[in-house]
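Structure assessment
For reference, the chains in residue letters:
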Amino acid sequence: MPDQNRRIVVVTGGSRGIGRAICLSFAGPDTHIYFNYFAPGDFAAAEIAAAAETEKLVSGLGGLATGLSVNVASEKDVSSFFKTIIDKTKQVDVLVNNAGITRDGLLVRMKEKDWDAVLDINLKGAFNCMKVAARTMMKQRFGCIINIASVVGATGNPGQANYVASKAGIIGLTKAVALELASRGITVNAVAPGFIETDMTASLSDKAKEAMTSQIPLGRAGKPEDVAAVVAFLASKSAAYITGQVIHVNGGMYM
C-alpha cells in the first residue's frame, strides 16, 4: 500500500514508555507511524535498540513504523525530520508531541544548563514540531495535534521548576495554537498524565512511589496505555469538535 493511502502519524519520543504506547495505539494496516528518538553519546545503543523494539511491536500489530534519531530541540533536525516524511508521503495527519526529559533540582540549586535542557526538549521541541507540521496541515485543511503536558503543569511540584514550567508552557501553547489553526480544520489539544509507570518513574524509591499513590483516589499509578487511549481518541473522528482542551489522565489526583 503506498504511503499516500495511509494515515500519517508523527510521534516524538516514541521509543519507550508513553511514546511507545501511543505508537502502538495507532498501529494498523492503514497507518504509517514516524517517530523520533534521541541517542546521544553513551545512551545511543540503548535508544537505538528501544526504537527497533517499537518498530517491531507496531509491525506485530499489522502497522508500519519508522524511527529516526532526531533532536527535537534543533530546528534544523526537526525540519529535516519532517522533510523526510513529507517528501515521501505529502501529508501529516496527526502530530503527537511527547518527547520530554527531567533534570530535577531545587530552584536555588538548579543549574542553568538543566533549566535550558528541559525547556529546550519539552517546550521548544513541541514548538519546533508544531511549526513545521502546521504548514502541511494548513495546506491539507485538516490535521490533529496532541501535546503531552503533565498534571504538574497545573498543580506545580517542588524540585521541578524547569519541568513544571515546560509543561505549563505546553498548556498555554496548546490553547494559543488551537485558536490560530481552528479555521483551517486543525484541532490542537493536550493530554496531562499524572503518576504513570514508565522508565522515568521506575527510578523512584518505593517510599516515593507509595507517597505518590496515596494521593490518587483510584489508588494506583496509571499505565502508558491509559494515556495512549486518550491520545487515540483525540485523534479520532469522534473528537473532531474538541480543540484547545487539556484532558487530565491522573486517577483523580487533580480535578
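First, a word on scope: everything that follows refers to the structure included in this document.

Right, let's talk about the pattern of salt bridges for a bit. What the rule picks out here adds up to six salt bridges. For the salt bridge of Asp87 with Lys83, the shortest nitrogen-to-oxygen distance reads 2.7 Å. Here Asp87 and its partner Lys83 are both found in helix H3 (residues 75-89), four residues apart, which amounts to about one turn of the helix. Since its relative accessible area comes to 44%, Asp87 is described here as partly exposed. The exposure class of Lys83 is exposed, given its relative accessible area of 51%. Put simply, Lys223 and Glu197 hold a salt bridge, and the shortest N to O gap is 3.2 Å. With a gap of 26 residues between them, Lys223 in the loop between helix H8 (206-213) and helix H9 (224-234) and Glu197 in the loop between strand S6 (186-193) and helix H7 (199-202) connect regions that are remote in the sequence. According to the relative accessible area criterion, Lys223 is partly exposed, its value standing at 41%. Under the relative-accessibility criterion, Glu197 is labelled partly exposed at 43%. Beyond isolated ion pairs, a larger network of salt bridges with shared partners links Arg16, Glu47 and Asp199.

Our focus in this paragraph is the side chain of Thr31. Here Thr31 is to be found in strand S2 (residues 31-37). The buried category is assigned to Thr31, whose relative accessible area is 3%. Side-chain polar atoms of Thr31 contact the side chain of Asp30, separated by 3.3 Å. Not counting the four nearest positions on each side in its chain, Thr31 is found in contact with Arg6, Arg7, Val9, Phe26, Gly63 and Leu64.

Where the residue is not glycine, phi is negative for most of them; where a peptide bond is considered, it is trans in most cases. In this structure, Lys90 takes a positive phi of about 65 degrees despite not being glycine. With respect to the secondary-structure elements, Lys90 resides in the loop between H3 and strand S4 (94-97). For Lys90, a relative accessible area of 62% gives the class exposed.

This part is about the packing of aromatic side chains. Summed over all chains, the structure comprises one aromatic pair. Relative to Phe82, the ring of Phe81 has its centre 5.4 Å away and its plane inclined at 65 degrees; by these criteria the two rings are edge-to-face. Like Phe81, the residue Phe82 is buried in the burial classification.

Before going further, it helps to spend a moment on the packing of helix H4 (residues 112-140) against helix H6 (residues 161-181). It is at 8 Å that the axes of H4 and H6 come closest, and there the two elements cross at 15 degrees. The angle between H4 and H6 falls in the class roughly parallel. In this structure, the crossing between H4 and H6 has a hand that is right-handed. Taken together, the residues of H6 that come into contact with H4 (itself represented by Asp114, Trp115, Val118, Leu119, Asn122, Leu123, Ala126, Phe127, Met130, Ala134 and Met138) are Ala161, Asn162, Tyr163, Ala165, Ser166, Lys167, Gly169, Ile170, Leu173, Val177 and Leu181. The residue makeup of the contact of H4 with H6, split by class, is 16 nonpolar, four polar and two charged.

Each value, and the rule that gives it
Residues numbered from 1 in each chain as written. Predicted model: local features only at pLDDT ≥ 70, side-chain atom pairs only at ≥ 80, totals over all residues. Heavy atoms only, no water. Salt bridge = Lys/Arg side-chain N within 4 Å of Asp/Glu carboxyl O. Helix = DSSP H or I, 4+ residues; strand = E, 2+ residues; numbered from the N terminus. Buried < 20%, exposed > 50% of the residue type's maximum accessible area, 1.4 Å probe, protein only. Polar contact = N/O pair within 3.5 Å; in protein donor to acceptor, adjacent residues only side chain to side chain. Contact = heavy atoms within 4.5 Å. Phe/Tyr/Trp six-rings, centres within 6.5 Å; stacked < 30°, edge-to-face > 60°. Axes fitted to C-alpha atoms, helices over the stretch in contact; angles between N-to-C directions. Parallel < 35°, antiparallel > 145°, perpendicular 65-115°, else oblique. Left-handed = near helix turned anticlockwise from the far one by under 90°. Nonpolar A, V, L, I, M, F, W, Y, C, P; charged D, E, K, R; others polar.

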